[in-house]
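Here's the letter readout for the chains.
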Amino acid sequence: MSAASQPASQQSEWHTTACILCSINCGLQVQLDGREITKIKGDKANPRSRGYTCEKPAGLNHYQNHADRLHSPLRRRPDGSFEEIDWQTAIREVAERLARIRDTRGGEKILYYGGGGQGNHLGGAYASATVRAYGGVYRSNALAQEKTGEFWVEQRMFGGRPEPDFENAEVSVFVGKNPWQSHGFERARVVLRAIAKNPERSMIVLDPRRSETAELADIHLQVRPGGDAHCLSAMLAVMIEEDLLDKKFLAERTRGAEVIVEALSDVPIADYCERAGVPEALVREAARRIGRAESVAVQEDLGIEMAPHSTLNSYLEKLLYALTGNFAKPGTMNLGTHLAKLVGDSKGDPRTPVGNHRILTGLIPCNVIPDEILSDHPERFRAIFIESGNPVHSLADSRRMREALEALELVVVIDVAMTETAKLADYILPASSQFEKWEATFFGGGFPNNVFQLRAPLMEPLEGTLPEPEIHARLCEALGELSLDDLAPLKAAASESREAFALAFAEAMATQPQLRKMMPVVLHRTLGPALGEGNESAALLWGAAHSCAASYPESVRRAGFEGEGPALGEALFEAILSERSGVVITADPYEETFARVELDDGKLDLAIPELFDELAGLRDEDIVRRDDAYPFVLAAGERRGSTANTIYRNPAWHRKDAAGALRMNPEDARRLGISDGGRVRITTKRGSAEATIEITDSLREGHVTLPNGRGLEYPDGSGKRVVSGVAPNELTASEDRDWFAGTPWHKHVRARIEAVSEGAAQPV
Ligand code: SF4
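All of the points below concern the structure found in this document.

Conventions we followed
Going along each chain's sequence as written, the residues are numbered from 1 onward. A pLDDT threshold of at least 70 governs which residues receive local features in this predicted model, and a stricter bar of 80 or more applies before side-chain atom pairs are shown or counted, although totals over entire chains, interfaces and linings include all residues. Where side-chain values are given, they derive from all heavy atoms of the structure, hydrogens and water being excluded. Only heavy atoms are used to decide nearness, and a residue is near a molecule or strand if one of them lies within 4 Å of it. Ten residue types, Ala, Val, Leu, Ile, Met, Phe, Trp, Tyr, Cys and Pro, are classed as nonpolar, four, Asp, Glu, Lys and Arg, as charged, and the remainder, Gly among them, as polar. Orientation is described by lines fitted to C-alpha atoms, with helices fitted over the stretch in contact, and by angles between N-to-C directions that extend from 0 to 180 degrees. A run of H or I in DSSP becomes a helix once it reaches four residues, and a run of E becomes a strand once it reaches two; helices and strands are each numbered from the N terminus. Put simply, angles under 35 degrees are roughly parallel, angles over 145 are roughly antiparallel, angles from 65 to 115 are roughly perpendicular, and the rest are oblique. Contacts are assigned to residue pairs that have any heavy atoms within 4.5 Å of one another. Definitions for this section: a left-handed crossing has its near helix turned counterclockwise from the far helix by less than a right angle. A right-handed crossing has that turn clockwise. Each aromatic pair joins two rings of Phe, Tyr and Trp (for Trp, the six-membered one) with centres within 6.5 Å, and gets the label stacked for planes under 30 degrees apart, edge-to-face for over 60, and tilted for any other angle. When a residue's accessible area, from a 1.4 Å probe over protein chains only, is under 20% of the maximum for its type it is buried; when over 50% it is exposed; and in between it is partly exposed. Here, a charge over a ring is recorded when the distance from Lys NZ or Arg CZ to the ring centre is within 6 Å and its angle to the ring normal is within 35 degrees.

Quick notes on the site of the ligand
- Taken together, the residues surrounding the ligand are C19, L21, C22, N25, C26, T53, C54, P57 and H183.
- Looking at the shell around the ligand residue by residue, the classes come out as 6 nonpolar, 3 polar and no charged.

Below is the structure:
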């Protein structure tokens, strides 16, 4: 696997890159020996992470070099095995198959899934050209099993995605979130420790588990699983009852407040607290602390998004800060700029072609994908193009997802590794790793300073692989959407000067609609070569920098760039291209937040009538209900110190919790006669699996948890392929989802637990 060793002097050289394991993308410095990453430390020059990292990137060599890396395009044989083919054949055949489906069935029958992970978004950005080339209409990715409900609520209420300012907040609130393990903001552990140490500041955590973050909190609302909406409603009702709302802010900066206040004002607080399993006094204390603070920042996460009332939970969580005026000032919630929009809109109430499910922010809910395939409906999907995604493992109901992929006429996968999904593909196109190509992330970059980092490759692409932008350019050419003649004038202009290119590009986009459609790939094939061989993928950032400078000229100038019009965009692009540790691209004063509210009258819209019936229905909901067939609530996919996303396929990356234990309360373990380390069988309505038990009093009775990222197949020391731990989605069901956004209830899976090993049946 390793290339020949480098001389010691080169091995001790530090190279700049970033961690690719979560959305924060902390800056890293690494040392290399050939293709091996040998040493890793935080990059102090990164303006966002400032030298911070958690423990997880220490194993990144396991992502870069492992036994499941792909080395050649693969084509499925009729018997299900794969054969290696050359790139020319692969591109030609994939393009022909896509074109055949487009011409016979319609391009809208080809679903695009994925488009990036926690740090590789350039491929997805270039993919928009390929999707247009095959006439695609529908898309989905893992955000549609997590954040689409939240995105939709944010767009409705704020016309943007507010960011929490925990560094400066007097009160920090985490709802269904454990930032100690799942991060979600810069330097999470440093900030959490600082809050915990400061007696003037408070931390409030709403979580059914006493997580690492809850351990640091001043108030932990250890809510009953499924009781989030009741608990949040009760907190809001206390704020109304005790006159804790910011009436001036509501009158001047919002509309619709009176409607939601009325809907919440008759919530039976004591009853809701009891049903949510939290003491009323603690709920009142939390509401008062928020209502009386100078500044409050709030963040939610999968704990409430992947649970019953997902979209409603997001709405209630946002009302905590909107009703108390914690917006557009230090320590609260603010709207920043973006280099490119990650989130689409939901205008016109688009629906899926078969089941008429809502498509929020441009993404089909992950949980309905199998229904949109496994049907005899004439509009069903016939093919799927999957890029940097592993839906068979990461989406609900793996069995049904496998069935769906097997029913399609064509499955194309672009990936770095042979994944559970790639195994079902007709064609696999191997991508270069994130350290072998130019890469970037379009996740939010921070407020008030928005940081963007374009990462240079650390090494040559692994032989046989290509960066995704090159794959998309070749596919678009093979689909007949780009001709050398069309591109020749732009290419000539790019080799002359950036200024000449800008003029030629503007004219081409205005006069040649077929090129406008293919814009990312046009940049790659024209400006790309002028950036130097191997650097072509960075060309897309030229367009993004100009668009950012044109949209937010003052913010770009405040970040230190000079120039008017295109000169400002050029200055920004040059900095993105040359600053290896990342660059502050825009800087905003807090009050600028109101200028970013993309709503008609610039006022926050606090009433979402679509969710009012569900809110009212909480009164009749029996969340304490016991299901004797499945008496436990399983959170399938808990973030732990020993978990990361599935780009770590080799389980050797972590030593602790190798088997991925099922965590359980001591009282439950005692009743089942299981001791720590014992083996149990977990059964849900969808599947069954065995796991080792870890007993912990951090969980409520009746609540059990399994880690995320486990259940991947990987060769052991003898080469035999073994599965390590439980794949959570072998236990989840696609029909268990939010009625509005379609987001799954991974944190609320009804389960039965039985002891299976004799040695385990020892009372604790
Ligand atoms: S917080 Fe940890 S996992 Fe996330 S990017 Fe930083 S180092 Fe990587």
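From this point on, the discussion continues.
Brief notes about the packing of helix α4 (residues 122-133) against helix α23 (residues 519-530)
- Packing of α4 against α23 brings their axes to within 7 Å, and their N-to-C directions diverge by 110 degrees. For the element pair α4 / α23, the angle class is roughly perpendicular. Seen from α4, the contacting residues are A125, Y126, S128 and A129; seen from α23, they are P520, V521 and H524.
- The class makeup of the residues in the contact of α4 with α23 is 5 nonpolar, 2 polar and no charged.

A word on the packing of helix α21 (residues 498-511) against α23
- For the pair α21 and α23, interaxial distance at closest approach is 12 Å and the crossing angle is 150 degrees. Crossing geometry of α21 relative to α23 is assigned as right-handed. Between α21 and α23, the residues in contact are R498, F501, F505 and M509 and M519, V522, L523, T526 and L527, respectively.
- Considered class by class, the residues forming the contact of α21 with α23 number 7 nonpolar, 1 polar and 1 charged.

So, the packing of aromatic side chains
- One pass over the full model with this rule turns up 17 aromatic pairs.
- On the numbers, 5.9 Å between centres and 10 degrees between planes, the contact of F174 with F185 is stacked. Within this pair, whereas F174 is found in strand β9 (residues 171-175), its partner F185 is found in the loop between α6 (179-182) and α7 (188-197), the two being separated by 11 residues in sequence.
- For F174, a relative accessible area of 0% translates into the label buried.
- For F185, a relative accessible area of 6% gives the class buried.
- Between F501 and F505, the aromatic rings sit 5.5 Å apart at their centres with planes inclined by 25 degrees, giving stacked as the arrangement. Of this pair, F501 and F505 both sit in helix α21, separated by 4 residues, roughly a single helical turn.
- Taken together, the aromatic side chains of F158, Y321, F327 and F594 make up a single cluster linked through ring pairs.
- Here the basic side chain of K41 rests over the ring of W14, its NZ or CZ set 4.2 Å away from the ring centre.
- A cation over a ring is seen here: R253 above F594, with NZ or CZ 3.7 Å from the ring centre.

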